[in-house]
Structure formats: C-alpha cells, structure tokens
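Coordinate inspection notes
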Amino acid sequence: CLALSSRLGLPVAVHYRNSDKEALEVCNLINSAGGQAAAVQCDLDDTEATKHLIQRASDALGSIKISCLVLNASRFEFDSLTSISEETFAKHMSSNTLAATLLTQSFVAQYNSTSDSGSQSNARQTSGDVSITQLLDYKLAAPNADHLSYTLSRYANAGLMEVFSRELAYKGIRVNAVSPGVTLQGNNSGSSIMSPCMAGHCSDKTLRVIEQPKSLL
C-alpha cells in the first residue's frame, strides 16, 4: 500500500475485514506522507458485499476508477486429507477464489464499453496502466499435505489468473500472479533472531535469506 502511494502516486483503498485499527494506521501513514488513502471494510465471505467492494472503494477515494487491484486477502486455516470437509473446502474456495473472481468482475466492469464482444473495436480500452495482481503461495511450487483446502484454493487462483490474463489482454488490462516464499514482517532478516522453523526455511533457500515485503515490489 505504501509503495503504491509513494512510488506510483496512486490513491489507495485499504480493504479490511476485522482489522480496522491496522487498516486506519496504514491509511494515516499514507495520508501523513501526502498521499491519499481510505479504509474500506468488507467480509469476503459475504458475496453481495464483495460485489460492491470496488464501487465502495471508488466512492471512498472520490469516485475515481480503481486502476490497480491487488488480491492478497485469503483464508488460511489448517486441514488435511484426514480432516478436510465440505465446510472447510467451501469456506476457503469462497473467501479465496470466488471473492477474487467477483472482485475481478467488478474491477473490469469499470472499463467495459457498451459492447463487450472482444472485437478489434474494443481493443485496448485502457491506457495500459490498469492491472490486477494476485498473491499466491510458494506452496504451489513445493506442495505438501498441510492446509489442504487453502492449497487447493491457491491452485484454483493460479488457474484463474492465467484465464483472466488471456481474457483481459484485449482490454489492455495486465494480469499477474506472484508466489513469494516465507516473508518477514518489518526489517528482521537475520537468521540469528529467527525461530528454528524460519531459520530452516532460510537455510533451504539458494540465497540463504528470507524475503521482506519491499523485495516483492
């Protein structure tokens, strides 16, 4: 959020579910630095609310078109082959995959013309500065048996982004997905202050470091 404001000069809508305090802190950081930010609450399990989140974000920022959609919210609850159920599977697919689909639908609708046939006359409906970025998970490259429903939803989202990238190319909307590894909060990257688990992740990596948020930008 801070990079979108400071580096690109974009107004930022900070979505949150329950973390209103943290969302407002991010907004205050952006606004105090001369940027523009607003916090917007939405429970992504509520499909009707999710359908209207893009419009509410636009309204909160002064009725502008949202030009950059970052899909990084997700449900992450443990289950496995022995414990997965219809409920745990459906909850993860709703929060992680259906919500991403509905948000993309609403985002793209801002740029739809009266005709949506995909013909040459509709090509490049945007300036090329419109983008969608999906945060995935390194588990896709190194899958294991834990958090099964979550992992399946990440595979689904990876497929979605490939489909959407082809579907939206003629509109000039760029679609990307990134799968970062273990990422530390803040600036603590030294293995001496990591837990044994984190230090183990570090030692397995080619560069022997754990990513920080700024390295993903």
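What counts, and at which threshold
- Residues numbered from 1 in each chain as written.
- Predicted model: local features only at pLDDT ≥ 70, side-chain atom pairs only at ≥ 80, totals over all residues.
- Heavy atoms only, no water.
- Salt bridge = Lys/Arg side-chain N within 4 Å of Asp/Glu carboxyl O.
- Helix = DSSP H or I, 4+ residues; strand = E, 2+ residues; numbered from the N terminus.
- Buried < 20%, exposed > 50% of the residue type's maximum accessible area, 1.4 Å probe, protein only.
- Contact = heavy atoms within 4.5 Å.
- Phe/Tyr/Trp six-rings, centres within 6.5 Å; stacked < 30°, edge-to-face > 60°.
- Pairing = 2+ DSSP bridges.
- Axes fitted to C-alpha atoms, helices over the stretch in contact; angles between N-to-C directions.
- Polar contact = N/O pair within 3.5 Å; in protein donor to acceptor, adjacent residues only side chain to side chain.
- Core = buried A, V, L, I, M, F, W, Y, C linked by side-chain atoms within 4.5 Å.

With that settled, consider the pattern of salt bridges. Within the structure shown, the criterion is met by 8 salt bridges. For the salt bridge of E77 with K91, the shortest nitrogen-to-oxygen distance reads 3.5 Å. Here E77 is found in the loop between β3 (68-71) and α5 (86-109), whereas its partner K91 is found in helix α5, with 14 residues between them in sequence. Residue R166 pairs with E162 through a salt bridge whose shortest N-O separation is 3.4 Å. Here R166 pairs with E162, and both are found in helix α6 (residues 148-168), just 4 residues apart, close to one helical turn. Classification of R166 as exposed rests on a relative accessible area of 64%. Several salt bridges share partner residues, and in doing so they unite R17, D43, D45, R75, E77 and K91 into one network.

If you trace the backbone, F89 turns up in helix α5. Taking the relative accessible area as the measure of exposure, F89 reaches 35% and is therefore partly exposed. A C-alpha to C-alpha distance of 8.4 Å links F89 and S153, two positions 64 residues apart in sequence. Residues contacting F89, with those up to four places away along its chain left out, are I84, S149 and L152.

The next thing to look at is the packing of aromatic side chains. With the rule as written, the count across this model stands at 2 aromatic pairs. On the basis of an interplanar angle of 85° and a centroid distance of 4.6 Å, the ring pair of F76 and Y150 is categorised as edge-to-face. Highlighted residues: F76 in the loop between β3 and α5 and Y150 in helix α6, separated in sequence by 74 residues. When its relative accessible area of 4% is taken as the criterion, Y150 is described as buried.

With that settled, the discussion passes to the sheet that holds strand β4 (residues 130-135). One open sheet accounts for 3 strands, arranged β3-β4-β5; its pairing is parallel. Single-partner strands in this sheet number two, and they are β3 and β5 (173-178). Going across the sheet, the axis of each strand differs from the next one's by a mean of 10°, ignoring polarity. Here 6 bridges tie β4 to β5, and the two strands are oriented parallel to one another.

Tracing the chain through its elements places K65 in the loop between α4 (53-60) and β3. For the pair formed by K65 and V130, sequence separation is 65 residues and the distance between their alpha carbons is 9.9 Å. Non-local contacts of K65, meaning those with residues more than four positions away in its chain, are made with S58, Q110 and Y111. Of the polar contacts made by the side chain of K65, one reaches the backbone oxygen of Q110; its length is 3.2 Å.

This paragraph deals with the nonpolar core. By size, the foremost hydrophobic cluster in this structure holds 25 residues, and its most contacted members are L69, L71, L103, F107, I132, L168 and I173. Residue assignment for this core shows that the elements contributing at least two residues are β2 (37-41), α4, β3, α5, β4, α6 and β5. Among the elements that make up this core, the one with the highest residue count is α5 (5 residues). Non-local contacts of I132, meaning those with residues more than four positions away in its chain, are made with L69, L71, T104, F107, V108, L168, I173, R174, V175 and N176. The next biggest cluster of nonpolar side chains, apart from the first, holds 7 residues, and it includes V12, V14, Y16 and C27.

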